[in-house]
Amino acid sequence: MDASPQAPQDQDELLLLPVREIVLFPGVVLPFLANRPIVEAALQEAARSSRSVAVVLQRDPGAESPGLADLHPIGTEGRLLRYVSGRDGTHHAIIQGTGRIRILDTVDGSDPRTVRVERILEPGGAGAEIDARFLQLRERALEALRLMEQSPPELATAVQSIEQPGQLADMVASLMDLPPADKQEILETVPLLPRLDRVLWRLAYRLEVLRLSADIGQRTRATMEGRQREFMLREQLKAIQKELGEDEAGSPGLADLRRALEEAALPEEVNNQAQRELRRLERMPEGGPESGMVRTYLEWLSELPWKVADEKLIDIAEARRVLDEDHHDLEKIKRRIIEFLAVRKLNPDGRGPILCFVGPPGVGKTSLGQSIARAIGRPFVRVSLGGVHDESEIRGHRRTYVGSLPGNIIQGVRRAGSRSCVMMLDEIDKLGAGGFQGDPASALLEVLDPEQNATFRDAYLGVPYDLSRVLFIATANQMDTIPAPLRDRMEVVQLSGYTEEEKLVIARRYLVPRQLQRNGLTPHQAEIDDATLSAIVRGYTREAGVRNLEREIGAVLRNAAARVAEGHSGLIRIAPDDLQPILGAGRFEPEAADRAAMAGIVTGLAWTPVGGDILFIESTRMAGNGRLILTGQLGEVMKESAQAALSLLKSRASGLGIEPGLFERSDIHVHVPAGAIPKDGPSAGVAMFLSLASLMVGQAVDPTIAMTGEISLRGIVLPVGGIREKVVAAERAGIRTVLLPARNRRDYDDIPQSTRERLTFVWLETVDDAMATALKIALPVPV
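Structure report, in brief.

### Some remarks on the overall build of the protein chain
Scanning the protein chain from terminus to terminus reveals 26 helices and 24 strands. In terms of overall dimensions, the protein chain is more spread out than a globule: its C-alpha atoms have a radius of gyration of 42 Å, far above the 28 Å expected for 783 residues. In terms of overall dimensions, the protein chain has C-alpha extents of about 110 × 105 × 65 Å along its principal axes. Burial analysis of the protein chain (783 residues in total) assigns 46% to the buried set. Taking the contacts inside the protein chain whose residues are at least 6 apart along the sequence as the reference set, 74% of them involve residues at least 24 apart. By element, 51% of the accessible surface of the protein chain is carried by carbon and sulfur atoms, the whole surface being about 38,600 Å².

And the structure:
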C-alpha cells in the first residue's frame, strides 16, 4: 500500500528503524526488507499513521533488539513512500531520507519503539574552496559512471542536475561500494568542507580501481586479438612450407627425437603412444606452449631405461665380504640380507619380499642399502619420502598441468639409468597423512606389490612401466605410523642401538678414517686413541646410533686440522684431557649415580623411536582425601597403569603393615620428570607399583636398580617390548641390576654379550619378586 500524506505529529519523536548493513543518506531513496519483528512493527506503524522513521545503523549487526548503546548516535530521518506485503510473508518498504538526526533517548513504554531526536540542519556554505571541491566531485562521479558499463544513463543525468554540494556528496557516498562503517563516518560528518574531502578521497580510490580494471580488460582483448592473428599467420606459414616441400618434420630437433625413441626399444603400447604424440608435435607451431609440453613428454619416454640390462651374477661370498667391510656386527641383519640375495640368485624372476629396515636414527639403515647395491653390482638411488603429502609425488602429475613431471619413483629409475637398480625408499614412516591431494601411502601399495608393479602406471607417462626388476628397500624409525596395508607388503628387519663397545669399534674402523679424510688429514698427522673415543662416547653422546658420535669426532679433528694449517709439524695425539678445551664440558653423566636413594623414587626403562632410555618415577604423599594426582604429560594407558598399581597396593596394604585408612586420609602425587615429553604405554606398571610401595612403607629403592614390565590387578608381571634397547640404555646410564618380566626371557639372547656380563638380571613372575629384590620385603598374597 502507498503511504498517505503526513499527518500532524510530534516532530521530535520518530519511530525507531534499526538497520544492519544499510546507511540511508538525506535525499536518497532506498528499499528495505522487514526481516525482524522490531523492523516490521516500525514500518507497519509508519504506514498506518504516516509517521516518519529514524533509520539508524547498528554497531553490532548480530543484535536482534538493539538498545541505544548498540546504535550509532547519528542517523537519518526517513519518509515511508511505499509498504508492500508479499504472498510469501515478506514485507518490503521504500524510504526516502529527508535529513540528518541525532538520537537523544527512547520514549518509555512506546510500542513500536519511539525515540526522541534532534534534527541536524544541513549547513550552508559558499566560497572558492567549496565550489572547487563541488566541481571536482561532479567530474569524478561522472567519470566513474562512464567507466561502469552497467550504470544507467539516468544516473549521470541525476548527478548533473544536483546543485547543492552537500546533496551531491550524500548522493555519491550512497552510490559508492563502501563498507557500512565508512558510509556512517560520512553521514556523521556534518560540516560541508570535511564531508566533501572524505567523499572525494574515497571516490578517487574507487576511480583508480575502475581505471585499472578498464585498462586490464583492454589489454586482455588486445592479447586475444594478437594470438588469433599469430595463429592465422602460423597456419599460412605451414601451408607455404608444405607447398615448398619444407615440412617441419625435417627439422633437426624432431629428427633427433625420433632417433632417440627408436633407440629406446619401447614396448609396443608405449611406442604407439610415442608415435601419436610425435605426429601431434609435427603439426604444432614450434614456439607454442603445448609444443614444449609434448616435446618434454617424448624426451622422458626416450630417456627412461626400457630395456632389461644384463644383470651381474650375484656373488654371495663377495656380498658377505662387502657387508662385513661396511658394517660392524649386525650379524642377524647380515644373515637375512645374504638369504635374501641367495634367493634372488637362484630365482632371478621370483617375487621376493621387500625389506624394510626399522631402527633408531644413525644405526646404518641407509648405508645397508648402499652396501647391498655395491655387493650385487647394481646402481643405487635414494628416494626420500619424509614429509611427502601429495599422491602426485608418487604417481606423477597429469600432463594437463603446466610444469608436470613424473613421480619420484619414475624419476629415480631415470637417475639410476637402469630398471635393475636398488631403490631405497627412505623414511617411509614419515609419509604425510592423506588429504584432498590424495594419500601417498596408498599410492605406494601398487609400487611395493610384486604382483602389480610390473604394470605400474605413472599419471604423467600414461603408459605401463615395469618396476618388477627394481630392488626396493625401505627404511623407517618406527612402524606405528605406517598404515597396515603398506606394512603388510614389507618384511620388517629390526636394527637396534649399539653398545659402548660396538660404538668404539665402529668409531675406530669407520668414523675416524672417514673424518680424517673429510678434514684433509692423514693418520700420520692426527690420532685419537681408544681412551679418548670412550670418553667421547660416555661424556658427549647419548644416542642409539653413531651420528652424533661422528659429529663430535669431526669437531675434534677439525681442531687438529686448524693446528696443522697453522704450521704444526708432527703427529697430534688427542687425549681425554684435551676434549674439554675442544668440545666443552661433558654433557652427560651416569644418571643413576646422580639420584639419591629416597622413598618413592624408582628408575624405569622406556623405549623411544630413537632407542631406549631410562625414566624416573617419583611419588609423594600429603594430607588429603584419597586422590591420585598424575603429572608429567602421561598418556591414558600410563595413567591406567598408575591406577592399577595403586589398587594392587591397597589390596595388599595390611600384609605390608600399611594402615588401610592412610590411603583415605592422604593424596598421592605421582610425577614422571621431563614433563615436556609425552609418555605412554603399559610397561611402567612395575615401576609405578614399586614407587608407591616404597613411598607407603618408607623404604628407599637402590637407584642402580631399573625395571620394566606391565602388571595386572592380580600382581602378575606381563611381557613388554623393546627389551634390548631398554637394557642397553640401562647399562649406558650406570644401572647395575635390571628387573625384567619372566616372559621376556626369549629376548635375552638379543641383548649384547658385553651388556649381559655387566648387568644382573632378575626375572619377575609377580610383583612379589620385584618387592623382594628392590625392597627386601616378602609381599603376602591375599587369600
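### What to know about the packing of aromatic side chains
In the structure shown here, the tally under the stated rule is 5 aromatic pairs. With centroids separated by 4.8 Å and ring planes inclined at 65 degrees, the aromatic side chains of tryptophan 306 and tyrosine 465 adopt a geometry described as edge-to-face. Of the two residues, tryptophan 306 sits in the loop between helix H9 (289-303) and helix H10 (316-326) while tyrosine 465 sits in strand E11 (residues 464-465), which places them 159 residues apart along the sequence. Grouping residues by exposure puts tryptophan 306 and tyrosine 465 together as buried. Between tyrosine 748 and phenylalanine 761, the ring centres sit 5.4 Å apart and the planes meet at 85 degrees, which makes this aromatic pair edge-to-face. Pair noted here: tyrosine 748 is in the loop between strand E23 (737-741) and helix H25 (753-758) and phenylalanine 761 is in strand E24 (residues 760-764), with a separation of 13 residues, a long-range link. Of the residues examined, phenylalanine 761 reaches a relative accessible area of 16% and is grouped as buried. Among the aromatic residues, ring-to-ring pairing joins Tyr748, Phe761 and Trp763 into one connected group.

### Quick notes on the pairing of E24
For E24, the tally of buried residues reaches 4 of 5 residues, placing the bulk of the element in the interior. Between the parallel elements E23 and E24, the chain passes through H25 in a crossover that is right-handed.

### Let's talk about unusual backbone geometry
The phi dihedral of serine 50 falls on the positive side, at around 55 degrees, and the residue is not glycine. Structurally, serine 50 can be placed in the loop between helix H1 (37-49) and strand E3 (53-57). Unusually for a residue other than glycine, glutamate 427 sits at a positive phi of about 55 degrees. Its location among the elements puts glutamate 427 in the loop between strand E9 (422-426) and helix H15 (440-448). Taking relative accessible area as the criterion, glutamate 427 reaches 23% and is therefore assigned partly exposed.

### What about the sheet that holds strand E20 (residues 705-707)?
Here 7 strands make up an open sheet; going across it, the order is E18-E19-E17-E16-E20-E23-E24 and the pairing mixed. On the outer flanks of this sheet lie strand E18 (628-631) and E24, each paired with one strand and no other. Taking each pair of neighbouring strands and ignoring which way they run, the sheet shows an average axis angle of 30 degrees. Alignment of E23 against E24, held across 5 bridges, turns out to be parallel. The partner of leucine 740 across the bridge, within E24, is tryptophan 763. Packing of helix H26 (residues 767-774) onto the sheet brings it into contact with E20, E23 and E24, and relative to E24 it is tilted by some 145 degrees.

### Describing the pairing of strand E5 (residues 91-106)
Bridge count between strand E2 (residues 29-33) and E5: 5 bridges; the pairing is antiparallel. What sits directly across from leucine 30, in E5, is isoleucine 95. With 11 bridges joining them, strand E4 (residues 74-85) and E5 adopt antiparallel strand pairing. Along E5, the bridge assignment pairs valine 84 with histidine 92. Here E4 folds back onto E5 in antiparallel fashion, the turn holding 5 residues, of which glycine 89 has a positive phi close to 90 degrees. In the sheet, E5 pairs with strand E6 (residues 114-120) via 6 bridges, with the strands oriented antiparallel. Residue pairing across strands places isoleucine 103 opposite valine 117, the latter belonging to E6.

### Let's talk about helix H17 (residues 500-518)
Along an α-helix, a turn takes 3.6 residues, which lines up residues three or four apart on a common side. Its maximal kink placed at alanine 507, H17 deviates by approximately 50 degrees. Buried within H17 are the following residues: Glu502, Lys503, Leu504, Val505, Ile506, Ala507, Tyr510, Leu511, Val512, Gln515 and Leu516. Where H17 ends, the next residue or the one after it, glycine 520, has phi of about 70 degrees, a positive value.

### Some details on the pattern of salt bridges
Applying the stated rule across the entire model yields 48 salt bridges. Of the charged contacts in the structure, one is a salt bridge between arginine 198 and glutamate 185, with a shortest N-O distance of 3.7 Å. Of this pair, arginine 198 sits in helix H6 (residues 192-244) while glutamate 185 is found in helix H5 (residues 180-187), placing the two residues 13 residues apart along the sequence. Overall, the relative accessible area of 32% leaves arginine 198 in the partly exposed class. Owing to a relative accessible area of 31%, glutamate 185 belongs among the partly exposed residues under this scheme. Where salt bridges share partners, they join Glu318, Arg321, Glu325, Asp326 and Arg374 into one cluster.

### Structural notes on the sheet that holds strand E12 (residues 471-476)
Read from one edge to the other, the open sheet built from 5 strands follows the order E8-E9-E12-E7-E13, with strand pairing classed as parallel. The open sheet is flanked by strand E8 (380-384) and strand E13 (490-494), the only strands paired with a single partner. Mean inter-strand twist for the sheet, computed between neighbouring axes without regard to direction, equals 25 degrees. Relative to E13, strand E7 (residues 354-358) is paired through 5 bridges, and the arrangement is parallel. Within the sheet, the bridge partner assigned to isoleucine 354 lies in E13 and is methionine 490.

Parameters and conventions
In this numbering scheme, every chain counts its residues from 1 along its sequence in written order. A pLDDT threshold of at least 70 governs which residues receive local features in this predicted model, and a stricter bar of 80 or more applies before side-chain atom pairs are shown or counted, although totals over entire chains, interfaces and linings include all residues. Values shown for side chains rest on all heavy atoms present in the structure; no hydrogens or waters enter the calculation. The numbering of helices and of strands both runs from the N terminus, where a helix is a DSSP run of H or I of at least 4 residues and a strand a run of E of at least 2. Throughout, radius of gyration means the C-alpha value; the globule benchmark is 2.2 Å times the number of residues raised to the power 0.38. A 1.4 Å probe rolled over the protein chains alone gives each residue an accessible area, and that area as a share of the maximum for its type sets the label: buried under 20%, exposed over 50%, partly exposed in between. The contact criterion used throughout is that any non-hydrogen atoms of two residues lie within 4.5 Å. Each accessible area is a Shrake-Rupley result for a 1.4 Å probe, and residues are judged covered by the shown protein chains and nothing else. Only Phe, Tyr and Trp rings take part, Trp by its six-membered ring, and two of them pair if their centres are within 6.5 Å. Stacked means planes under 30 degrees apart, edge-to-face means over 60, and tilted covers everything else. Handedness of a crossover is defined as follows: orient the strands so they point away from the viewer, and if the path from the first strand over the helix to the second runs clockwise, the crossover is right-handed. Here, a strand pair is defined by DSSP locating no fewer than two bridges between the strands. Where helices are involved, their axes are fitted lines through C-alpha atoms of the stretch in contact, as for all axes, and angles between N-to-C directions lie from 0 to 180°. To obtain the bend at a residue, axes are fitted to the seven residues ending there and to the seven starting there, and the angle between these axes is taken. Here, a salt bridge means any Lys or Arg side-chain nitrogen found within 4 Å of an Asp or Glu carboxyl oxygen.

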